[in-house]
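Take a look at the letters that make up each chain.
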Amino acid sequence: MMKVIKDLLSNDPSLSSLPLLSTFLKSYSLPYLGLSPPQASKQISAASEPGTLSEETTMVASGAFPPLVKEEDELVEKDIRDRFKKMCEGYFESVSKKLVIEHNRLQEQDRKNHEAYIRSGEIFEDRQQAYEKMTKGYEKLLASCQTLSELLYLPMPTLKAASHKTESIQIGTSTGISLDADGELEDTIRGGKWEDEEERRFFEDIPDLKDYVPKGVLGVEEDEPDKQEDAAEKEQRAKAKVDEEVRQLEEELAGLEASQNGDVSGAPTVIDGRLEDGEGEEDDDAATPTAGTPKTSPPSTPQLTAQGPSQLLTALLARLPDVTNRAGIDQAAVDFAFLNSKAARKRLVKFFSQTPKSRTDLLPHYSRLVAILNKYMPDIGVDLVNVLDEEFRYLQRKKNVVKELSEVRLKNITFLSNLTKFSVVPPHVILHMFKVCLDDFSGTNVENLALLLEGCGRFLLRSEETQQPFSKMLELLRRKQGMRHLDQRQMLLLENAYYQCNPPERTAKEVKQRTPMELFIRHLIYDVLTKKTIDKVLKLVRKLDWNDQEVQRTLHKVFTKPWKVKYGNVPLLAMLTYDLQRYHPAFTISVVDQVLEDIRRGLEQNVYSINQRRVATMKYLGELYIYRLVGSGIIFDTLWTLVTFGHPEGRPVPGQPSPLDMPDDFFRIRLVCVLLDTCGMCFDRGTQQKKLDNFLTFFQYYVLCKDPLPMDVEFMLTDSLEAVRPKLSMYKTFEEAAIAVDEMFNAAFQNAGISTGDDSGDDSGDEDERREQQEEEDGDRPTSEFPADERAPSPEAVLLKSSSTQEKIGPSEDDDAEFAKELAKMVMESSSETRKVDKKTALALWETTVPPPGMRKKRVDETDEDVDRTGEGQRVMNFTVFTKRGSKQQTRQLAIPAESTLAVQTRTAQLQDKVEQQHLKRLVLNYEQREEAEELKALETRNRAGAIKIRYVG
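Numbers given for residues are sequential positions, taken from 1 along each chain in its written order. A pLDDT threshold of at least 70 governs which residues receive local features in this predicted model, and a stricter bar of 80 or more applies before side-chain atom pairs are shown or counted, although totals over entire chains, interfaces and linings include all residues. Just so you know, side-chain values use all the structure's heavy atoms and leave hydrogens and water out.

Looking at an unreviewed UniProt entry, the protein chain carries the name MIF4G domain-containing protein, with the source organism given as Somion occarium. UniProt positions are given in the numbering used here, feature names are shortened, and annotations may be inferred rather than shown by experiment. Per UniProt, the comment on the protein chain under Subcellular location (unreviewed entry) is "Cytoplasm".

Below you can see the structure in the form of structure tokens.
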């Protein structure tokens with residue numbers, strides 16, 4: 001048994017064996033320790049404070065252990081009992097150290113929570129949960145340690161009292177929130193007296209001293225009937241004064257309504273009279289008997305035996321400036337209750353009146369201390385209010401001293417406001433002070449009114465007792481504010497204070513309701529879409545019900561709002577649109593149309609708030625071009641629209657600002673740079689290169705029409721131009737750019753003048769002629785007995801056909817080779833499977849299906865020898881049979897009679913392919929020329945009203 005217990009206790013750093021040891025000692029402490037188990041009266045009460053048991057256990061230990069039984073009656077030998085006792089004592093020592101450490105950690109965490117609350121105004125949920133978990137662990141360890149202390153008759157370790165740090169755990173937490181409090185919380189949220197729940201707890205959840213201090217010390221058992229009568233009489237007197245204030249306010253409001261333009265120059269004399277009346281009222285108030293004032297408490301208490309009451313009061317007052325939490329103030333009120341005397345109360349009032357003017361942060365806590373004591377020591381509240389009222393009157397007389405007494409005024413008004421919210425200041429007193437400042441509505445009284453409104457205006461406006469008079473005062477304040485000419489600072493002070501006191505009613509922000517399908521689509525595009533998940537997103541989007549109009553509408557919204565995705569994901573959105581083109585082409589067309597419409601609308605509106613959207617949309621358009629969803633013509637049209645839209649006749653001119661594009665508005669330059677950065681590098685050859693060069697010439701002219709560029713725009717412009725045209729020479733002056741633009745347009749007009757008439761009609765006419773000629777050639781071509789689409793299937797071997805009887809038509813062989821190369825390239829790019837085949841695989845496939853270059857050259861050289869005559873005069877056609885054995889390619893010649901079906905079908909198909917190839921080649925070669933002619937035609941039509949040339953007379 002000893003060995004087992006020793007193993008459990010020696011290897012137990014987490015104290016998991018503590019319950020086992022306690023259970024064992026409860027049953028076997030007598031045989032193994034020689035100690036009787038503690039009586040029931042020795043058990044710890046549930047109400048005992050942590051750490052208080054140590055005194056009792058110390059007394060028990062000093063009085064010796066309970067008597068042991070005789071040695072001959074023991075079951076366990078004495079040396080074993082001694083060793084077991086030392087082992088248990090050592091284990092209890094480790095438990096005690098652990099308890100002290102956990103206690104200190106808990107107090108430190110409590111202090112950190114309070115500091116966090118001071119900094120941020122709230123304690124976060126994770127910090128609160130950690131604190132609660134730590135508290136439960138500490139309480140469990142404390143209970144186990146107390147049990148073990150009783151069983152071993154050892155004193156509990158000394159734990160620092162909570163008052164040494166903060167009392168947020170001990171005092172002030174017993175006043176929880178009941179069901180009614182929940183209702184009050186809802187009222188607070190809707191706009192009650194308090195801004196939040198924490199403020200409500202601070203001003204309303206005040207501990208009752210009789211729960212912590214003996215009633216004899218507080219004197220609550222004496223003169224109860226007299227106290228009730230005095231309280232009722234005082235309440236009636238206060239109500240009468242409030243009614244009088246309301247009557248005076250109604251008279252003044254009626255006077256203001258009768259004469260809106262009346263002067264209030266006589267206000268100072270009225271103020272003096274009112275001040276004198278107020279002094280008389282306060283004198284009457286001060287003479288009110290304060291029944292129930294507690295008698296002088298005994299000079300010593302069980303906790304204060306070491307020092308006298310004067311020294312203890314001095315120490316209490318000395319530590320008050322350092323108490324900045326609710327629990328510390330509650331404990332200070334309890335400590336002062338034990339030192340209660342008339343001299344102590346006067347000292348406390350004097351101490352509050354001498355609060356440093358720079359420590360306004362202490363005033364709410366001092367007000368709470370006064371509110372706690374005021375219930376049983378009302379003379380403290382009355383004396384302090386009288387002192388503050390006298391100070392207020394003094395400051396009214398010294399209202400011309402502005403700067404020197406500004407901090408004193410702030411401290412006075414703040415102290416009165418906090419005492420008002422604790423119901424220490426009578427309502428008629430604070431309303432009278434407000435009325436005094438309102439009568440002399442000038443100078444420092446404007447700041448006093450603002451401080452009063454910020455301090456206790458919300459409380460007064462929402463309290464049933466003061467709601468009616470204070471609302472009339474606010475109405476009077478707003479009228480006088482409109483009649484007086486106040487400076488901007490005073491107007492701002494009053495406006496902020498008024499709306500803090502009476503915030504305007506605002507409807508709750510409505511959250512847009514979205515269907516689950518819409519939320520899913522938005523999640524896919526906005527959250528899930530990345531480079532790694534684009535295939536997965538594509539599959540999920542394709543699985544949607546595209547026949548549902550709601551789904552299509554949601555997808556259209558998502559795909560046409562690129563500014564809602566991350567800027568780096570705009571290319572992915574364009575790629576996704578390209579992938580959907582194969583399955584839903586109409587959807588892709590609608591997306592492109594909407595993007596172009598958004599760009600046009602942005603130019604027409606030119607609203608600053610949507611500039612970020614316009615940048616994202618321009619980036620999106622460039623990415624759509626990269627994925628071949630729009631053509632180069634749309635890109636160039638957009639670029640020219642950006643630099644010409646809104647200007648007279650499409651030409652920006654210095655000195656003629658456009659409402660849509662002012663000289664100091666550089667945002668269009670940013671848009672052009674974004675589009676050039678996205679797809680400008682694609683226009684580096686052919687006619688597109690020439691088009692971009694022409695645009696860049698005009699773009700420099702457009703930039704020089706603006707005001708001097710900011711540094712960031714200039715850097716962006718330089719980087720964009722260097723990216724698309726590294727060797728571009730920039731124009732330094734506007735004259736150089738204007739000359740270059742004139743030359744560009746002159747050349748364009750000359751080129752457009754070459755083709756007179758309707759270009760589109762000529763093109764269509766040429767196309768008709770080519771079609772007729774093609775039909776004639778097809779009619780003259782010999783036909784075989786087998787139609788072309790019904791010819792026999794081809795053999796397994798690849799046949800390279802050639803015929804010397806075919807007439808050479810069209811371009812040269814070099815043109816044919818280049819055309820075949822371009823055609824193969826275009827087919828490879830347009831194939832949907834090219835993305836899945838790498839370069840090496842494609843090259844291997846091409847080499848296995850096409851004969852070697854030498855063989856193709858040989859075939860071209862021997863074209864004339866394909867059709868021969870044999871010795872008998874029979875005409876034959878030579879075929880080259882291309883076979884492959886393993887990795888080696890082999891060819892051999894095969895002579896077939898020219899009249900055979902294979903030769904006739906081969907020759908016919910060859911002629912058809914040749915004609916079709918030439919026709920397609922003609923279309924491709926003439927495409928760029930027709931496109932350039934159409935653009936020049938459009939440019940000529942747009943400027944048909946008359947070419948605008950910019951000339952400068954030096």
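Chemist: Can you break down the overall build of the protein chain residue by residue, with the values?
Modeler: A helix here means a DSSP run of H or I that spans at least four residues, while a strand means a run of E at least two residues long, and both kinds are numbered starting from the N terminus. Helices and strands together make up the secondary structure of the protein chain, namely 36 helices and 4 strands. The cut-offs for exposure are 20% and 50% of the maximum accessible area for each residue type, with area from a 1.4 Å probe on protein chains only; residues under the lower value are buried, those over the upper are exposed, and the others partly exposed. Buried residues in the protein chain amount to 39% of all 954 residues. Long-range pairs, those at least 24 residues apart, make up 76% of the contacts in the protein chain with a sequence separation of at least 6. As presented, the protein chain carries roughly 55,400 Å² of accessible surface, and 52% of it is formed by carbon and sulfur atoms. Whether two residues touch is decided by their heavy atoms; if any such pair falls within 4.5 Å, the residues are in contact. All accessible areas in this document rest on Shrake-Rupley with a 1.4 Å probe, and a residue is counted as covered only by the protein chains that are shown.

Chemist: So, the state of the cysteines: which residues are in play, and what are the values?
Modeler: Pairs of cysteine sulfur atoms within 2.5 Å are what we label disulfides. Throughout the structure, instances matching the rule amount to 0 disulfides. The thiol of Cys682 is unpaired, and the distance to the nearest cysteine sulfur, on Cys679, comes to 6.2 Å. On the basis of relative accessibility, which here comes to 32%, the residue Cys682 falls in the partly exposed class.

Chemist: Any chance you could break down the packing of helix α29 (residues 686–704) against helix α30 (residues 711–724) for me, citing the residues and the numbers?
Modeler: Helix packing geometry: the angle between the two helix axes and the distance between the axes. α30 packs onto α29 with a crossing angle of 170° between their chain directions and a minimal axis gap of 13 Å. When the axes of α29 and α30 are compared, the pair comes out roughly antiparallel. Residue-level inspection shows Leu696, Phe699 and Val703 of α29 in contact with α30, the latter providing Leu717, Leu721 and Val724. Note on residue categories: nonpolar means Ala, Val, Leu, Ile, Met, Phe, Trp, Tyr, Cys or Pro, charged means Asp, Glu, Lys or Arg, and polar means any other residue, Gly included. Taken together, the residues of the contact of α29 with α30 break down into 6 nonpolar, no polar and no charged. Think of each axis as a best-fit line through the C-alpha atoms, taken over the contacting stretch in the case of a helix, with angles from 0 to 180 degrees between the N-to-C directions. Working definition: roughly parallel below 35 degrees, roughly antiparallel above 145 degrees, roughly perpendicular at 65 to 115 degrees, and oblique for all remaining angles.

Chemist: Kindly report on a negative patch on the surface, identifying the contributing residues and their values.
Modeler: Without a salt bridge and with relative accessible area above 30%, a residue can belong to a patch; like charges are then joined within 9 Å and nonpolar side chains (Val, Leu, Ile, Met, Phe, Trp, Tyr) within 5 Å. Only one rule defines a salt bridge in this text: a Lys or Arg side-chain nitrogen within 4 Å of an Asp or Glu carboxyl oxygen. His residues and chain termini do not enter the charge count, which takes Lys and Arg as positive and Asp and Glu as negative. Taken as the charge centre is NZ of Lys, CZ of Arg, CG of Asp or CD of Glu, depending on the residue. Taken together, the side chains of Asp814, Asp815, Glu818 and Glu822 present a region of like negative charge at the surface. Structurally, Asp814 is set in helix α33 (residues 813–830).

Chemist: I'd like to hear about the nonpolar core, residue by residue, with values.
Modeler: Core analysis: the largest hydrophobic core is formed by 78 residues, its most contacted members being Phe559 and Phe699. Discounting chain neighbours no more than four positions away, the residues touching Phe699 are Val643, Ile669, Val672, Leu717 and Leu721. Throughout, nonpolar core names a set of buried Ala, Val, Leu, Ile, Met, Phe, Trp, Tyr and Cys residues whose side chains join them through atoms within 4.5 Å. Membership of the second largest hydrophobic core comes to 75 residues, among which are Phe202, Ala371, Val436 and Leu474.

Chemist: Requested: an account of the pattern of salt bridges, with residues and values cited.
Modeler: As enumerated under the stated definition, the model contains 34 salt bridges in all. Here Glu108 ties to Arg111 by a salt bridge, and the two come within 2.1 Å at their closest N and O atoms. With Glu108 and Arg111 both in helix α4 (residues 78–120) and 3 residues apart, this pair spans about one turn of that helix. What makes Arg111 partly exposed here is its relative accessible area of 28%. We note a salt bridge from Asp598 to Arg601, for which the minimum N-O separation is 2.9 Å. A residue pair is termed a helical-turn pair when its members lie 3 or 4 positions apart in one helix, as Asp598 and Arg601 do in helix α25 (residues 585–605) at 3 residues. Residue Asp598 is classed as buried on the basis of its relative accessible area of 14%.

Chemist: I'd like a rundown of α30, residues and numbers included.
Modeler: Helix length check: α30, at 14 residues, gives a terminal C-alpha distance of 20 Å against a target of 20 Å (1.5 Å per residue), a fit within 8%. Taken residue by residue, α30 has Val713, Leu717, Ser720, Leu721 and Val724 as its buried positions. The arc that holds every buried residue of α30, seen down its axis, measures 95°, which confines them to one face. Turned more than 90 degrees from where α30 packs its buried face, Met711 and Ala723 sit exposed. Elements in contact with the buried residues of α30: α28 (667–679) and α29. Take the residue count of a helix, subtract one, and multiply by 1.5 Å to get its expected span. This arc describes the spread of directions from the helix axis toward the C-beta atoms.

Chemist: So what about the packing of aromatic side chains? Which residues, and what values?
Modeler: Here the aromatic set is Phe, Tyr and Trp, taking the six-membered ring for Trp, and pairing holds for ring centres within 6.5 Å; pairs whose planes are under 30 degrees apart are stacked, those over 60 apart are edge-to-face, and all others are tilted. Applying the stated rule across the entire model yields 23 aromatic pairs. Measuring from ring centre to ring centre gives 5.1 Å for Phe202 and Phe203, while their planes differ by 85°; the resulting arrangement is edge-to-face. Phe203 gets classed as buried once you look at its relative accessible area, which sits at 7%. Plain terms: the ring middles of Tyr498 and Tyr499 are 5.3 Å apart, the flat faces sit at 75° to each other, and that makes the pair edge-to-face. Overall, Tyr498 belongs to the buried group, its relative accessible area being 15%. You can call Tyr499 partly exposed: its relative accessible area is 38%. These aromatic residues form a ring-pair network of at least three members: Trp640, Phe695, Phe698, Phe699, Tyr701, Tyr702, Phe734, Phe745 and Phe749. Consider the ring centre and the ring normal. A charge sits over the ring if Lys NZ or Arg CZ is within 6 Å of that centre and within 35 degrees of that normal. Sitting over the face of the ring of Phe202, Arg368 holds its NZ or CZ atom 5.4 Å from the ring centroid. One Lys or Arg, Arg542, reaches over the ring of Tyr583 and ends 3.6 Å from the middle of that ring.

Chemist: So what about the confidence of the model for the protein chain? Which residues, and what values?
Modeler: Taken over all residues, the pLDDT of the protein chain has a mean of 75, while the share at 70 or more is 68%. Each residue gets a pLDDT score, which is the predictor's confidence in that residue and runs from 0 to 100. This stretch, residues 39–68, has a pLDDT under 50; its non-local contacts, to residues over four places away or in other chains, come to 31 contacts.

Chemist: Run through the packing of helix α24 (residues 570–581) against helix α26 (residues 611–626), naming residues and quoting values.
Modeler: As a packed pair, α24 and α26 sit with axes 9 Å apart at the nearest point and diverge in direction by 45°. With respect to each other, α24 and α26 are oriented oblique. Of the two elements, α24 crosses α26, and the hand of that crossing is right-handed. Residues Val570, Pro571, Leu573, Ala574 and Thr577 of α24 lie in contact with α26, whose contacting residues are Ala616, Lys619, Tyr620, Glu623 and Leu624. Of the residues that constitute the contact of α24 with α26, the class distribution is 7 nonpolar, 1 polar and 2 charged. Note on convention: near helix rotated counterclockwise from far helix by under a right angle means a left-handed crossing. Clockwise means right-handed.

Chemist: I'd love a proper account of unusual backbone geometry, names of residues and values included.
Modeler: A positive phi is found at Ser423, a non-glycine position, where the angle reads about 60°. Tracing the backbone through its elements, the reader meets Ser423 in the loop between α16 (406–421) and α17 (427–439). Its relative accessible area of 55% is what places Ser423 among the exposed residues. With phi around 55°, Asn606 is a residue other than glycine that occupies positive phi space.

Chemist: Could you give an account of a positive patch on the surface, with specific residues and numbers?
Modeler: A cluster of basic side chains, namely Lys512, Lys557, Lys564 and Arg613, defines a positive patch on the protein surface. Its location among the elements puts Lys557 in helix α23 (residues 549–559).

Chemist: Describe the environment of Gln500, naming the residues involved and giving the relevant values.
Modeler: Relative to the helices and strands, Gln500 is located in helix α20 (residues 488–501). Separated by 305 residues in the primary sequence, Gln500 and Glu195 place their C-alpha atoms 9.9 Å from one another. Look past the residues within four positions of Gln500 in its chain and what remains in contact with it is Glu195, Glu454 and Arg458.

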